[in-house]
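Reading the structure
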Amino acid sequence: MLLLAPGNLHDVTMAPSLLASTGCLERHIADKAYDTNSFRQLLTQLGIEAVIPSVRRRKPLIPHDALVYRLRNLIERMFGRIKDFRRIATRYDKLARNFLASVAIAAIVIWWI
């Protein structure tokens, strides 16, 4: 599933909607931006292991599995590949449906190659 939010909205606000649309998950790997108490509570309620490093200001720090966290680079590289398409990186499209269509076409081209 692909959801598009306004640019001034934080990613973690869309995460519960995406989690609701996924099947059963064992782990959720995310960066420090997702280190919120409410999101961690949601993951615990759903029985999903949170692999999220703690922000520095959190006392005490919540441990995470560093070996599993290394897998996050696959997602970061995927976003990097999608941003190779200039139209997506600079968001030329004003309408959300056109932008989502561009992202879908880019994903198809990346998958095809």
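Please refer to the structure higher up on the page.
These notes cover the structure that comes with them.

Helices and strands together make up the secondary structure of the protein, namely 6 helices and 2 strands. Each helix and strand of the protein, ordered N terminal to C terminal, gives the series α-β-α-β-α-α-α-α. Considering the protein as a whole, with its 113 residues, one finds that 23% of them fall into the buried category. Of all intrachain contacts in the protein linking residues separated by at least 6 positions in sequence, the fraction that spans at least 24 positions is 26%. Approximately 8600 Å² of the protein is accessible, and the part contributed by carbon and sulfur atoms is 60%. Averaged over its 17 positive side-chain charges, the protein has a centre that lies 6 Å from the centre of its 9 negative ones.

Applying the stated criterion across every chain yields a total of 2 aromatic pairs. Relative to Phe39, the ring of Tyr34 lies with its centre 5.8 Å away and its plane at 55°, an arrangement referred to as tilted. Accessibility expressed as a relative area gives 18% for Tyr34, which makes it buried. Here the aromatic rings of Trp111 and Trp112 are separated by 6.3 Å at their centres, their planes lie at 70°, and the arrangement is edge-to-face.

A cis amide bond links Lys59 with the next residue in sequence, Pro60, at an omega value of -10°. Within the element layout of this structure, Pro60 appears in the loop between β2 (49-51) and α3 (66-69). Of note, the phi angle at Arg91 is positive, near 50°, even though the residue is not glycine. Of note, Arg91 is situated in the loop between α5 (86-89) and α6 (96-112).

Calculation notes
Residues numbered from 1 in each chain as written. Predicted model: local features only at pLDDT ≥ 70, side-chain atom pairs only at ≥ 80, totals over all residues. Heavy atoms only, no water. Helix = DSSP H or I, 4+ residues; strand = E, 2+ residues; numbered from the N terminus. Buried < 20%, exposed > 50% of the residue type's maximum accessible area, 1.4 Å probe, protein only. Contact = heavy atoms within 4.5 Å. Areas by Shrake-Rupley, 256 points an atom, 1.4 Å probe, with all protein chains shown as cover. Lys, Arg positive; Asp, Glu negative; His and termini not counted. Charge placed at Lys NZ, Arg CZ, Asp CG, Glu CD. Phe/Tyr/Trp six-rings, centres within 6.5 Å; stacked < 30°, edge-to-face > 60°.

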